[in-house]
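An overview of the molecular structure
In case you want the letters, here they are:
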Amino acid sequence: MSTSTSTSTSTSTSTSTSTSTSTVSTGASGGPRGRVGSDRTGGGFVGAFTSEWTKLWTVRTPYVCLLVGLVVTAVFTFYYGSIARINDKPIQPVGNASVSSVVLTQFALVILAMTTVTSEYSTNSVRTSLLWVPVRPRVQLAKALLCALVGFVTAMVWGVLGIALAWGPFRGHAEFELSKVAYQTVAMGVYSALICVMTVGVAFALRTAAGAVAMIFFVVSALPGMLVGLGGPVLLAINEYMPQTVGGYFMLGDGEAPFPDAVSVLILLVWAVAAHVAGLLVLRRRDA
């Protein structure tokens, strides 16, 4: 009797252990929990980009920036065409009006790109962003790509609007050549996109709105003016490689640039990448 009971208990225990082991094995490898634990990788770069896209359009700043740029483009290009007619300027491509307006409208895009970074640092929501996307370069790249895309499309829209508004006031003092208009419009988009990427890098490096705006304004606008004002072969040679100067040559496309268009784009790309790398180095050292 005792031996039979002991054997039965041992068999029951062995069966229970076997069933438990099988269950654990199934849960770890083939069951739903096992799959979720082993295959879950997050949203990756697409998820990070989608998150940045959502955050951008749920605040008021980008809409204000786009509206301001639109108004400035309209006023500036109309005025440009009117002055060219009044002063009896030589006939020029109608797209020159839009290209000239970039000197001002680029800063609407600079502020838009800057706030994608500095607004998060000012509210400490950057900590949440870095928890969602712990891969630091991915966060910065997602912001840069988003701002580049917005800058590219927006600048081209502004360019087309400026051409349409300037054509009337020019009254015969401008020429419309489709290939030239297309080139200048796309060039405006490329320049604006790279300026936005540079702004994101500077914003990550400095982390304050005032510092980022001051730095971008100095490098893009103030410093070239100082170099030209002071004059001299060395300073003028340096000015030829400043972002706004290079961008102006590239966007006008009038053949007066000291280097080919491909080199102009390369110089702008170097500025953007340098700022991006500086921002990434600061982000890795000081994090949030």
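Residues numbered from 1 in each chain as written. Predicted model: local features only at pLDDT ≥ 70, side-chain atom pairs only at ≥ 80, totals over all residues. Heavy atoms only, no water.

Counting its secondary structure elements, the chain contains 12 helices and two strands. Along the chain, helices and strands appear, N-terminal first, in the series α-α-α-α-β-α-α-α-β-α-α-α-α-α. Within the span of the chain, comprising 288 residues, buried residues form 40% of the whole. Long-range pairs, those at least 24 residues apart, make up 78% of the contacts in the chain between residues at least 6 apart in sequence. For the chain, the exposed surface amounts to about 15200 Å²; the carbon and sulfur share of it is 69%. (Helix = DSSP H or I, 4+ residues; strand = E, 2+ residues; numbered from the N terminus. Buried < 20%, exposed > 50% of the residue type's maximum accessible area, 1.4 Å probe, protein only. Contact = heavy atoms within 4.5 Å. Areas by Shrake-Rupley, 256 points an atom, 1.4 Å probe, with all protein chains shown as cover.)

Mean pLDDT over the chain works out to 86, with 85% of the residues at or above the 70 mark. Counting contacts from residues 1-40, a segment whose pLDDT is below 50, to residues more than four positions away or on other chains yields seven contacts. (pLDDT = per-residue confidence, 0-100.)

Here the focus is the packing of aromatic side chains. Counted according to the given criterion, the structure contains nine aromatic pairs. Aromatic pair Trp53 and Trp57: ring centres 5.7 Å apart, planes at 65 degrees, arrangement edge-to-face. What makes Trp53 partly exposed here is its relative accessible area of 38%. Among the aromatic residues, those joined into a ring-pair cluster are Trp53, Trp57 and Tyr63. (Phe/Tyr/Trp six-rings, centres within 6.5 Å; stacked < 30°, edge-to-face > 60°.)

Here we come to the side chain of Ser192. Tracing the backbone shows Ser192 in helix H8 (residues 178-206). With residues up to four places along the chain from it excluded, the contact list for Ser192 reads Leu109, Gly151 and Ala155.

Of all residues except glycine, most have a negative phi; of all peptide bonds, most are trans. A positive phi angle, close to 55 degrees, is found at Asp88, a residue other than glycine. Tracing the chain through its elements places Asp88 in the loop between helix H4 (61-86) and strand E1 (92-93). Residue Arg207 is not a glycine yet carries a positive backbone phi of 70 degrees.

Another aspect to go through is the environment of Val190. Along the chain, Val190 falls in helix H8. For the pair formed by Val190 and Val265, sequence separation is 75 residues and the distance between their alpha carbons is 8.2 Å. Among all residues touching Val190, those that are not within four sequence positions of it are Phe152 and Phe250.

Remark: H4 packs on helix H5 (residues 96-123), axes separated minimally by 9 Å, with the N-to-C direction vectors making an angle of 165 degrees. In terms of orientation, H4 and H5 fall into the roughly antiparallel class. Two packed elements cross with a definite hand, and for H4 against H5 that hand is right-handed. Listed contacts from H5 to Thr61, Pro62, Cys65, Leu66, Gly69, Val72, Thr73, Phe76, Thr77 and Tyr80 of H4 are Asn96, Ala97, Ser98, Ser100, Ser101, Leu104, Thr105, Ala108, Leu109, Ile111, Leu112 and Thr115. Its residues assigned to classes, the contact of H4 with H5 shows 12 nonpolar, 10 polar and no charged. (Axes fitted to C-alpha atoms, helices over the stretch in contact; angles between N-to-C directions. Parallel < 35°, antiparallel > 145°, perpendicular 65-115°, else oblique. Left-handed = near helix turned anticlockwise from the far one by under 90°. Nonpolar A, V, L, I, M, F, W, Y, C, P; charged D, E, K, R; others polar.)

Now for the nonpolar core. If you look at the biggest cluster of nonpolar residues, it comprises 45 residues, and the most contacted ones within it are Tyr191, Met198, Val200, Phe204, Ile216, Val220 and Met251. For this core, the secondary structure elements donating two or more residues are H5, helix H6 (126-132), helix H7 (136-170), H8, helix H9 (209-230), helix H11 (243-252) and helix H12 (261-286). Top element by residues in this core is H8. It accounts for 13 residues. Every residue in contact with Met198, bar those within four places of it in the chain, is listed here: Ile216, Val220, Pro243, Trp271, Ala272 and Ala275. (Core = buried A, V, L, I, M, F, W, Y, C linked by side-chain atoms within 4.5 Å.)

Let us now look at the state of the cysteines. Counted by the stated rule, this structure contains zero disulfides. Between Cys65, a cysteine without a disulfide, and Cys196, which holds the nearest cysteine sulfur, the sulfur-to-sulfur distance is 10.0 Å. For Cys65, a relative accessible area of 8% corresponds to the buried category. This cysteine, Cys147, is not joined by any disulfide, and Cys196 carries the nearest cysteine sulfur, 6.0 Å off. (Disulfide = S-S within 2.5 Å.)

Its place among the elements puts Val103 in helix H5. With relative accessibility at 39%, the residue Val103 sits in the partly exposed group. Here the alpha-carbon distance between Val103 and Gly247, two residues 144 residues apart in the chain, equals 9.9 Å.

Let us now look at the pattern of salt bridges. Pairs can form between side chains of opposite charge once their charged atoms are near each other. Using the criterion set out here, one finds four salt bridges in the structure. A salt bridge links Lys143 to Glu52, with the shortest nitrogen-to-oxygen separation between them at 2.8 Å. With Lys143 in helix H7 and Glu52 in helix H3 (residues 44-56), the pair connects residues that are 91 residues apart, well separated along the chain. Among the residues examined, Lys143 registers a relative accessible area of 2% and is labelled buried. Accessibility expressed as a relative area gives 7% for Glu52, which makes it buried. Among the salt bridges present, the one from Glu120 reaches Lys55, with a minimum N-O distance of 2.7 Å. On the criterion of sequence distance, the pair formed by Glu120 in helix H5 and Lys55 in helix H3 is long-range, its members being 65 residues apart. On the accessibility criterion, Lys55 (22% relative accessible area) is partly exposed. (Salt bridge = Lys/Arg side-chain N within 4 Å of Asp/Glu carboxyl O.)

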